[in-house]
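One-letter residues, chain by chain:
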Amino acid sequence: MKSSTPWILALSSLLLIPLSSLAQDGNDKDAIIPADLIEDPHVREELGVNEFTAPSIRLIFDDLSQLAPLPVEETKHVIPKRMPLDRSDLSLEIGFLIAEGFLVVQNKMLNDIEGIAKELSRYGKALGAGERVNRHAASLLEHAKNNRPEKLKEELSATQKDVEIELVQLRDADLAHLISLGGWARALECAALAVDEDFTEERANQLFREDVADYYEVILGSLDPRVSQRKHMISIRQICEQLKFTMTLAADEEPTEAKVKSIREQSAKLAQLALSRGK
């Protein structure tokens, strides 16, 4: 039996994203954010951007905490030094970088924070959030130097929020959703490998979040067609749909090693596509 988890909350606690109440491809399904992945919704309300929220990368990692430490080196990606030209790719990759920050903190690889902070500054500037991200990058370096892992997590989380807020204010909320997606792609890839290499039903249950896969699949269909119809975005959405199907368990069904292996393969493809820049 699939174990109950803390994220099962009253329906009234779920938030709907009215940004695209009707999906661009004609799908009229609303994107429902899993309630346990919403962080500090009042922050955006106070800033006048309460029409937008997205899953928190920090809470995605918190949800996978029972699998820690997640494999970093075995799943390492090399992001090209040249910045992507398309802003949707910039958004996916900055989400990927924020997730990388959580991974190195979790694995106590604080010497890697400097490189991540520099990359975050570059990507933040390219997205129009340079001033906000530079402040966080400086704090990341300070907290890494003084070995403050919780403070590092707070700064990484604040980086996601501030870039999202800047994008919403620039009327680029579509791109803000991709930051969260990039972070989830990196986290899921590591988590699926961890469970595949050390399988138990309890550990496997941490992967079976069909609600998260469903959220991203619906959101991708609701983006501006100039983003959603890019070849790799179509492929990413198809993988999210496949993941949703694989992760869905019947009431009396247990997760299996075969399903975990399938999630591992699909998540590896998802991570590669997130960094592919449409190539």
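Residues numbered from 1 in each chain as written. Predicted model: local features only at pLDDT ≥ 70, side-chain atom pairs only at ≥ 80, totals over all residues. Heavy atoms only, no water.

> Which parts of the structure should I look at to understand a negative patch on the surface?
The grouping of Glu73, Glu74, Asp112 and Glu197 at the surface amounts to a negative patch. Mapped onto the fold, Glu197 is located in helix H7 (residues 173-197). (Patch = residues over 30% accessible without salt bridge, like charges linked within 9 Å, V, L, I, M, F, W, Y side chains within 5 Å. Areas by Shrake-Rupley, 256 points an atom, 1.4 Å probe, with all protein chains shown as cover. Salt bridge = Lys/Arg side-chain N within 4 Å of Asp/Glu carboxyl O. Lys, Arg positive; Asp, Glu negative; His and termini not counted. Charge placed at Lys NZ, Arg CZ, Asp CG, Glu CD. Helix = DSSP H or I, 4+ residues; strand = E, 2+ residues; numbered from the N terminus.)

> Which parts of the structure should I look at to understand the packing of helix H3 (residues 87-106) against helix H6 (residues 149-169)?
Any two packed helices are characterised by how steeply their axes cross, that is the angle between the axes, and by the distance between the axes. Between H3 and H6, whose axes approach to 9 Å, the crossing angle comes to 170°. The pairing of H3 with H6 is recorded here as roughly antiparallel in orientation. Only Pro149, Leu152, Lys153, Leu156, Ser157, Thr159, Gln160, Val163 and Leu167 of H6 make contact with H3, whose side of the interface consists of Arg87, Ser91, Ile94, Ile98, Gly101, Phe102 and Val105. Taken together, the residues of the contact of H3 with H6 sort by class into nine nonpolar, five polar and two charged. (Axes fitted to C-alpha atoms, helices over the stretch in contact; angles between N-to-C directions. Parallel < 35°, antiparallel > 145°, perpendicular 65-115°, else oblique. Contact = heavy atoms within 4.5 Å. Nonpolar A, V, L, I, M, F, W, Y, C, P; charged D, E, K, R; others polar.)

> Just to check I follow, could you spell out the side chain of Thr246 for this structure?
Following the sequence through the fold, Thr246 ends up in helix H11 (residues 231-247). A polar contact of 3.3 Å, which involves the side chain of Thr246, links it to the side chain of Gln266. If we ignore the near neighbours within four places in the chain, the residues touching Thr246 are Phe208, Lys259, Ser262, Ile263 and Gln266. (Polar contact = N/O pair within 3.5 Å; in protein donor to acceptor, adjacent residues only side chain to side chain.)

> Help me out: how do you make sense of the environment of Arg264 in this one?
Note on placement: Arg264 falls in helix H12 (residues 257-274). For the pair formed by Arg264 and Leu188, sequence separation is 76 residues and the distance between their alpha carbons is 8.2 Å. Setting aside residues no more than four positions away along its own chain, Arg264 makes contact with Ala192, Leu193 and Asp196.

> Would you take a moment to explain the packing of aromatic side chains for this structure?
When we look at a pair of aromatic rings, we describe it by the centre distance and by the angle of the planes. In the structure shown here, the tally under the stated rule is three aromatic pairs. Between Trp184 and Tyr216 the ring centres are 4.9 Å apart and the planes differ by 25°, which places this aromatic pair in the stacked class. Linking Trp184 in helix H7 with Tyr216 in helix H9 (residues 210-222), this pair joins segments that are 32 residues apart in sequence. Here Trp184 falls in the buried class, since its relative accessible area comes to 5%. Classification of Tyr216 as buried rests on a relative accessible area of 1%. Linked through ring pairs, Trp184, Tyr215 and Tyr216 together constitute an aromatic cluster. (Phe/Tyr/Trp six-rings, centres within 6.5 Å; stacked < 30°, edge-to-face > 60°. Buried < 20%, exposed > 50% of the residue type's maximum accessible area, 1.4 Å probe, protein only.)

> Please clarify how the pattern of salt bridges should be interpreted in this entry.
When the charged atoms of two side chains lie near each other, side chains of opposite charge can form a pair. Inspection of every chain in the model, using the stated rule, returns 25 salt bridges. For the salt bridge of Glu166 with Arg132, the shortest nitrogen-to-oxygen distance reads 2.6 Å. Of this pair, Glu166 sits in helix H6 while Arg132 sits in helix H5 (residues 130-145), placing them 34 residues apart in sequence. The class for Glu166 is buried, based on a relative accessible area of 17%. Measuring nitrogen to oxygen at the nearest pair gives 3.4 Å for the salt bridge that ties Lys153 to Glu150.

> Can you walk me through the side chain of Arg58 in this structure?
Relative to the helices and strands, Arg58 is located in helix H2 (residues 57-63). What makes Arg58 buried here is its relative accessible area of 16%.

> Could you clarify how one ought to interpret the packing of H11 against H12 in this entry?
Between H11 and H12, the shortest axis-to-axis distance is 10 Å and the interhelical angle comes to 160°. Regarding the angle of H11 to H12, the classification is roughly antiparallel. Crossing hand, H11 versus H12: left-handed. Contact residues: H11 offers His232, Ser235, Ile236, Ile239, Gln242, Leu243, Phe245, Thr246 and Met247, while H12 offers Lys259, Ser262, Ile263, Gln266, Lys269, Leu270, Leu273 and Ala274. Of the residues assigned to the contact of H11 with H12, the class counts are nine nonpolar, six polar and two charged. (Left-handed = near helix turned anticlockwise from the far one by under 90°.)

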